[in-house]
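The primary structure of each chain is shown beneath.
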Amino acid sequence: MTAQIIDGIHVAKYIKSKMTKKIAALRSQNLEPCLATILVGDNVASATYIKNKQRAAVELGLKTKDVRLPSSCPQSELIAIIKSLNEDIRVHGILVQLPLPNHLDPFIITNTINPIKDVDGLTPTNMGLLVGGKGSLKPCTPVGIVELLDHYGINVSGLHVVIINRSQLVGKPLAFLLLEKDATVTICHSKSYNLLKEIKDADLIVTAIGNRDKFTLTGSMIKTGSIIIDVGITRLGGKLAGDVDYSSVAKYASWITPVPGGVGPMTVSMLLNNTLIATSLSKN
Ligand code: GUN
């Protein structure tokens, strides 16, 4: 078996073309979508992610605010900035890039964002709505994965899905989105006893570790015909790589996402789409 490729660049382009129409509709109602991003500190990877998000927003024709703060920024100051963006009617989406420096509490910071501007879908309100199956602003990477599966007609109903990640950004919300689609979901993590057994059993594996020394998925680990979604990003010999040893896994999988060019472009597109959803929500 040679896996078919799930092409995130292609799907992200298709979604962007649909967004162009949505932007025109919003403008006809005098709404000019605006995304504000906040980066605290000088984490190199975070700076790259913010640059990509800002660039994609500008390319799509969205207004942006690019707030940069030193790593010494006190929590009270960051909270005051978020509150002023909450009040600013010209700003529709607010994203605080994670991880934050250690002295800043990500729960308190995220929870300061007005839920209708929470384009990461991370506030307790939006997480609660997602768990209840009623989410509108949902975390970008999980919703991007679901869009990819839908685009290629991959029906997860009844499938045993193994997610190797338990974060707020990926594993937890993705589990609920896939449960909504009738998958049987197992979340694995560093303390799981039977990771290899779970992987071998899985019909669909989502891996988001981002450290190939700790974990690399190889062809002999998976069941023939399983679907592989690779969310991991690491630098390998100056190039970007995922958690998956692509050439060995592609021999056994039925579908596979490449890195780069799989989930990554979808995350950015879903952020822009959430900004449009937030702009619509601002009308009410
Ligand atoms: N850090 C890595 N991915 C993300 C993301 O999707 N949103 C935020 N806010 N921070 C991140």
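Look up a bit, the structure's there.
Residues numbered from 1 in each chain as written. Predicted model: local features only at pLDDT ≥ 70, side-chain atom pairs only at ≥ 80, totals over all residues. Heavy atoms only, no water.

S.K.: Lay out the site of the ligand in plain terms, naming residues and giving numbers.
M.R.: Taken together, Lys-53, Leu-95, Val-96, Gln-97, Leu-98, Asp-120 and Leu-169 make up the full set of residues near the ligand. Asp-120 is positioned with one of its side-chain polar atoms (N or O) 2.5 Å from a nitrogen atom of the ligand. Burial of the ligand by the protein amounts to 83% of the accessible area it has alone, namely 280 Å². Considered class by class, the residues forming the shell around the ligand number four nonpolar, one polar and two charged. (Near = heavy atom within 4 Å. Polar contact = N/O pair within 3.5 Å; in protein donor to acceptor, adjacent residues only side chain to side chain. Areas by Shrake-Rupley, 256 points an atom, 1.4 Å probe, with all protein chains shown as cover. Nonpolar A, V, L, I, M, F, W, Y, C, P; charged D, E, K, R; others polar.)

S.K.: An account of the sheet that holds strand β4 (residues 93–96) is needed here, citing residue identities and associated values.
M.R.: A sheet is described by the order of its strands in space; here three strands give the open sequence β3-β2-β4, paired in parallel fashion. Strands with a single pairing partner mark the edges of an open sheet, and in this sheet they are β3 (63–69) and β4. On average, each strand axis in the sheet is tilted by 15 degrees relative to the strand beside it, whichever way the strands run. For strand β2 (residues 34–40) and β3, the ladder comprises seven bridges, and the chain directions are parallel. Counted as the bridge partner of Cys-34 is Lys-63 from β3. On the sheet, helix α3 (residues 75–87) packs against β2, β3 and β4 and is oriented at approximately 180 degrees with respect to β2. (Pairing = 2+ DSSP bridges. Helix = DSSP H or I, 4+ residues; strand = E, 2+ residues; numbered from the N terminus. Axes fitted to C-alpha atoms, helices over the stretch in contact; angles between N-to-C directions. Contact = heavy atoms within 4.5 Å.)

S.K.: An account of the environment of Pro-33 is needed here, citing residue identities and associated values.
M.R.: Along the chain, the position of Pro-33 falls in the loop between α1 (8–27) and β2. Assessed through its relative accessible area of 0%, Pro-33 is described here as buried. When the C-alpha positions of Pro-33 and Val-161 are compared, they lie 36 Å apart, and in sequence the two are 128 residues distant. Excluding residues within four positions of it along the chain, Pro-33 makes contact with Leu-26, Leu-62, Lys-63, His-92, Leu-276 and Thr-279. (Buried < 20%, exposed > 50% of the residue type's maximum accessible area, 1.4 Å probe, protein only.)

S.K.: Outline empty space enclosed by the protein, listing residues and values.
M.R.: In this structure the tally under the stated criterion is one cavity of 30 Å³ or more. Empty space within the largest cavity amounts to approximately 40 Å³. Considering the residues around the largest cavity, the lining is formed by Val-96, Leu-98, Ile-109, Thr-110, Ile-113, Asp-118, Asp-120 and Leu-122. By residue class, the composition of the lining of the largest cavity is five nonpolar, one polar and two charged. (1 Å grid on protein atoms, 1.4 Å probe; cavity = no way out; pocket = protein on both sides within 12 Å on 5 of 7 lines; lining within 4 Å. Points joined across faces, edges and corners; volume = space filled by probe spheres on them.)

S.K.: Please provide a residue-by-residue account of the side chain of Asn-86, values included.
M.R.: In this fold, Asn-86 is placed in helix α3. Exposure remark for Asn-86: the relative accessible area of 16% places this residue in the buried category. Of note is the side chain of Asn-86, whose polar atom sits 2.9 Å from the backbone nitrogen of Asn-114.

S.K.: Tell me about the pairing of strand β6 (residues 184–188), and please be specific about residues and values.
M.R.: Relative to β6, strand β5 (residues 160–164) runs parallel, the two sharing five bridges. Pairing of Ile-164 across the sheet is with Cys-188, part of β6. Taking the sense of rotation as the criterion, the β-α-β connection linking β5, helix α7 (residues 171–180) and β6 turns out right-handed. (Right-handed = clockwise from strand over helix to strand, strands pointing away.)

Keep in mind these values describe shape, not function.
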